[in-house]
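Working through the structure, step by step
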Amino acid sequence: MLVSAKEMLQKAKAGKYAVGQFNINNLEWTKAILLTAQEMNSPVILGVSEGAGKYMTGYKTVVGMVNGMLEELKITVPVALHLDHGSYEGCYKCIEAGFSSIMFDGSHYPIEENIAKTTELVKVCAEKGLSLEAEVGSIGGEEDGVVGMGECADPNECKAIADLGVTMLAAGIGNIHGKYPANWKGLSFETLAAVQEKTGEMPLVLHGGTGIPEDMIKKAISLGVAKINVNTECQLSFAEATRKYIEAGKDLEGKGFDPRKLLNPGFEAIKATVKEKMELFGSVNKAC
Ligand code: 13P
């Protein structure tokens, strides 16, 4: 059964480790992440962006697929199904479809509007027992070929949003989605420390987990990060393994064109990446 991310993240914050959010794109992704979490005895959060939800034909399909896998694969570790960077309308659609966790990304609204919309969603999620992530300070990334640097959140705005009763808070600390450019200045630990000081027990979320050096990940966890989002890194490992299979001509040998064979190296590559991240984040054997 899907669970809210609340308990797993409160335990992570108290135990000074982080739970990984791994974004899913299709059946292979979902199966690879769930099986790895079970093998590692680790809690896990499956992230679904609005684009990926649409690609998978809609949120109801996603909920059906994930619930089916939890049962058929006999997954017993805590699993949350989480909307990633949800719009206001997207949040309601996922609540309706049966997600167990929601992110409302109001970071592009003026802070008053972010507060008003987040307040409303705190109420709805509390009634239904869902966890809610809010965001302050937008997280950069590549858009139309231009890499925008991540903003650093205002710690007082973070406190204002945390006090509304959200479950976890994503604060921009110079992190960005996708690959980091060569001139990236690194995470702003000054901002993170200030946000943590203002928000206390609140589990903090680090987006853009791909390509952040290990020492920075560890330092971020020591400063209150309890959830780390990883998306691009699984895509890169999947693509690399698939490319090698095809470049080696394996799809042309015997039944190597069978999608169950063709997609297998990529599936194994996602498993290896997820395992590596769970070890780095410290969530192995933290399932109960
Ligand atoms: P990356 O794609 O950089 O790993 O970021 C993932 C993320 O933050 C999803 O919200």
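Refer to the structure printed above.
Small disclaimer: the values here were computed from a predicted structure and weren't measured. (Residues numbered from 1 in each chain as written. Predicted model: local features only at pLDDT ≥ 70, side-chain atom pairs only at ≥ 80, totals over all residues. Heavy atoms only, no water.)

**Considering the environment of N229**
Inclusion rule: To qualify as a helix, a DSSP run of H or I must reach at least 4 residues; to qualify as a strand, a run of E must reach at least 2; elements of each kind are numbered from the N terminus. Three labels apply to residues, based on accessible area from a 1.4 Å probe with only protein chains included: buried if under 20% of the type maximum, exposed if over 50%, partly exposed otherwise in between. The contact criterion used throughout is that any non-hydrogen atoms of two residues lie within 4.5 Å. Under the rule applied, a polar contact is a pair of N or O atoms within 3.5 Å (in protein, one hydrogen donor and one hydrogen acceptor; residues adjacent in sequence only if both atoms are side-chain atoms).
Relative to the assigned elements, N229 resides in strand β10 (residues 225-230). The exposure class assigned to N229 is buried, which follows from its relative accessible area of 6%. As for N229 and L263, which are separated by 34 residues in sequence, their C-alpha atoms are 24 Å apart. Excluding residues within four positions of it along the chain, N229 makes contact with Q21, D84, V205, L206, H207, G208, G209 and T210. A polar contact of 3.4 Å, which involves the side chain of N229, links it to the side chain of Q21. Of the polar contacts made by the side chain of N229, one reaches the side chain of H207; its length is 3.1 Å.

**Here we look at empty space enclosed by the protein**
We apply this condition: Using protein atoms alone on a 1 Å grid, points that fit a 1.4 Å probe yet trap it form a cavity, whereas open point sets bounded by protein on both sides within 12 Å along at least five of seven lines form a pocket; residues with an atom within 4 Å of a point count as lining. Grid points are joined across faces, edges and corners, and a volume is the space filled by probe spheres set on the points. For this classification, the nonpolar set comprises Ala, Val, Leu, Ile, Met, Phe, Trp, Tyr, Cys and Pro, the charged set comprises Asp, Glu, Lys and Arg, and every other residue, Gly included, is treated as polar.
Under the definition given, this model contains 1 cavity of 30 Å³ or more. Looking at the largest cavity, its volume works out to about 30 Å³. Contributing to the lining of the largest cavity are A171, I173, L192, L204, V205, L206 and V225. With 3 residues, the single largest contributor to the lining of the largest cavity is strand β9 (residues 204-206). Considering only residue class, the lining of the largest cavity consists of 7 nonpolar, no polar and no charged.

**Here we look at the layout of surface pockets**
Estimated volume of the largest pocket: approximately 320 Å³. For the largest pocket, the lining is made up of 19 residues, of which N23, D84, H177, N231 and T232 are closest to its centre. Among the elements of the structure, β1 (19-23), β3 (79-86), β10 and α10 (232-247) are those that each provide at least two residues to the lining of the largest pocket. The residue makeup of the lining of the largest pocket, split by class, is 3 nonpolar, 15 polar and 1 charged. In this structure, the second largest pocket spans a volume of roughly 260 Å³. In this structure, the second largest pocket is lined by 18 residues; those nearest its centre are K6, Q10, G165, V166 and T167.

**Comments concerning the site of the ligand**
To keep it simple, the criterion reads: The cutoff for a nearby residue is simple: one of its non-hydrogen atoms must lie within 4 Å of the molecule or strand. Surface accessibility follows the Shrake-Rupley procedure with a 1.4 Å probe radius. Residue values consider only the protein chains on display as shielding.
Looking at the ligand, the residues that line it are D84, H85, H177, G178, H207, G208, G209, T210, N229, V230, N231 and T232. H207 places a polar side-chain atom, nitrogen or oxygen, 3.0 Å from an oxygen atom of the ligand. Interatomic distance of 3.2 Å between a side-chain N/O atom of N229 and an oxygen atom of the ligand. Burial of the ligand by the surrounding chains reaches 98%, relative to a free accessible area of 310 Å².

**Thoughts on the pattern of salt bridges**
Put simply, the test is: Salt bridges are defined as contacts in which a side-chain nitrogen from Lys or Arg sits within 4 Å of a carboxyl oxygen from Asp or Glu.
For the structure on display, the rule yields 10 salt bridges. As a salt-bridge pair, K11 and E7 come within 3.4 Å of each other at their nearest N and O atoms. Taken as a pair, K11 and E7 lie in helix α1 (residues 6-15) at a separation of 4 residues, close to a single helical turn. Here K159 ties to D163 by a salt bridge, and the two come within 2.9 Å at their closest N and O atoms. On the accessibility criterion, D163 (54% relative accessible area) is exposed.

**Let's talk about unusual backbone geometry**
One non-glycine residue with positive phi stands out, namely N41, at about 55°. Non-glycine residue T57 carries a positive phi angle of around 80°.

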